[in-house]
Amino acid sequence: MVVISGENHEPIFIEGKGHFFTMLSQTREALAAARAPVTKAKVCFVGDREVGKTSLIRRYVQGSFREAYVATLGAKVSSTYALTEQDGKTYGMKLVLWDIMGSSGFRETFKEAYFHGVHAVVAVFDLTRRPSLRQLSTWFASVEDITKPAVRLLMGNKADLADERVVTMEEGREFSEGLKCPYMEVSAKTGKGVAAAFDTLLKKLVKALPELAEER
Ligand SMILES: Nc1nc2c(ncn2[C@@H]2O[C@H](COP(=O)(O)OP(=O)(O)O)[C@@H](O)[C@H]2O)c(=O)[nH]1
Ligand SMILES: [Mg+2]
């Protein structure tokens, strides 16, 4: 299977299967202004359907939220530029965010193409649905070989639904300890915690990608 990736705004395609991908792009002028070195990182989102993967990416990249659920067909790639500070230095990063359809059939069929060259895996579950947390073990087990060196982050989404939540912060933390990764609670709806969670991811990426460690 071959992944052909285009420039920004160009469609990209996984050859042979005919699944269509679209690429969105948003450039942040701040990046150019800060003259920070830019490194590209591929970030793959995983998790059950309707946990809010697409919504979290939309919130972060576009700053918006949609109430209606529209199932992600195949996978969708968005990119954005972000800055982070580490030890008094500023780093720029182009994040290429891969949003996959939640079904396990799709995962099994496409995992090699989807996770090829991945730098970070963001695992998302819904704080109002405990099975969506347990399900993540299956996700990780099925892609462990491919994603082993990648940075990991666990996001508990829909924190705005305080009355409906069933997964406690303690449970989320315990699960993340098993994955050896940070745990962040977020709401794509209100935006709460989203910037902090992505910044945590950026900082982990800066540490993990040695080529980023050079001085400005
Ligand atoms: N209340 C609330 N609803 C959310 C949140 N994030 C996503 N949703 C809703 O949950 C549904 C599924 O979201 P979506 O991003 O499509 O999930 P995906 O299948 O994991 O990509 C949609 O109806 C969203 O509007 C959130 O933080 N709070
Ligand atoms: Mg989706």
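Since this is a predicted model, take the numbers as computed values, not measurements. (Residues numbered from 1 in each chain as written. Chains lettered and ligands numbered in written order. Predicted model: local features only at pLDDT ≥ 70, side-chain atom pairs only at ≥ 80, totals over all residues.)

Visitor: Tell me about the overall build of the chain, residues and numbers included.
Guide: Counting secondary structure elements, the chain contains 6 helices and 10 strands. Within the span of the chain, comprising 216 residues, buried residues form 39% of the whole. Nonlocal contacts in the chain, meaning residues at least 24 apart in sequence, comprise 72% of its contacts between residues at least 6 apart. (Helix = DSSP H or I, 4+ residues; strand = E, 2+ residues; numbered from the N terminus. Buried ≥ 20, exposed ≤ 12 C-beta atoms within 10 Å, placed from the backbone. Contact = placed C-beta atoms within 7 Å.)

Visitor: Go over helix α2 (residues 53-62) with me, naming the residues and quoting the values.
Guide: Within α2, 7 of the 10 residues are buried, leaving the element largely enclosed by the surrounding structure. Burial in α2 covers these residues: Lys53, Thr54, Ser55, Leu56, Ile57, Arg59 and Tyr60. A positive phi of about 70 degrees marks Gly63, the residue just after α2.

Visitor: Can you lay out the pairing of strand β6 (residues 75-86) for me, pointing to particular residues and giving the numbers?
Guide: Here 12 bridges tie β6 to strand β7 (residues 89-100), and the two strands are oriented antiparallel to one another. Along β7, the bridge assignment pairs Gln86 with Lys89. In this structure, the hairpin formed by β6 and β7 is closed by a connection of 2 residues, where Asp87 is found at a positive phi of approximately 50 degrees. (Pairing = 2+ DSSP bridges.)

Visitor: Run through the site of ligand 1, naming residues and quoting values.
Guide: Looking at ligand 1, there are 20 residues lining it, with Gly52, Thr54, Ser55, Tyr69 and Lys189 nearest. With 3 residues, the top contributor of residues to the shell around ligand 1 is α2. Residues of the shell around ligand 1, tallied by class, amount to 4 nonpolar, 8 polar and 8 charged. (Near = placed C-beta within 6 Å. Nonpolar A, V, L, I, M, F, W, Y, C, P; charged D, E, K, R; others polar.)

Visitor: Give a detailed account of the nonpolar core, specifying residues and quantitative values.
Guide: Core analysis: the largest hydrophobic core is formed by 54 residues, its most contacted members being Cys44, Trp98, Ala120, Val122 and Leu153. Not counting chain neighbours up to four residues away, the residues in contact with Ala120 comprise Ala41, Val43, Ala150, Val151, Leu153, Leu201 and Leu205. (Core = buried A, V, L, I, M, F, W, Y, C linked by C-beta atoms within 7 Å.)

Visitor: Summarise the environment of Lys94; cite the residues concerned and give the values.
Guide: By the secondary structure assignment, Lys94 is in strand β7. Classification of Lys94 as partly exposed rests on a count of 17 C-beta atoms within 10 Å. C-alpha of Lys94 to C-alpha of Lys42: the two residues are 52 residues apart in sequence and 8.6 Å apart in space. Each residue touching Lys94, except ones within four places of it in the same chain, is listed here: Val38, Lys40, Ser79 and Tyr81.

Visitor: Kindly report on the environment of Val38, identifying the contributing residues and their values.
Guide: For Val38, the position within the fold is in strand β5 (residues 38-46). Through-space distance from the C-alpha of Val38 to that of Leu95 is 9.9 Å; in sequence the pair is 57 residues apart.

Visitor: Describe the pairing of β5, and please don't skip the residues or the numbers.
Guide: In this sheet, β7 lies alongside β5 in parallel orientation, the contact comprising 8 bridges. Across the sheet, the residue bridging to Cys44 is Trp98, located in β7. Both β5 and strand β8 (residues 120-126) contribute to a ladder of 4 bridges, which runs parallel. Counted as the bridge partner of Val46 is Ala123 from β8.

Visitor: Account for the confidence of the model for the chain, naming residues and giving values.
Guide: Per-residue confidence for the chain gives a mean pLDDT of 80, with 78% of residues at or over 70. For the chain, per-element mean pLDDT is lowest for strand β3 (residues 19-21), which scores 31, and highest for strand β10 (residues 183-185), which scores 98. Here residues 1-28 scores under 50 on pLDDT; set against residues more than four positions off or in separate chains, the count is 51 contacts. A low-confidence stretch, residues 212-216 (pLDDT under 50), is modelled with 9 contacts involving residues beyond four sequence positions or located in other chains. (pLDDT = per-residue confidence, 0-100.)

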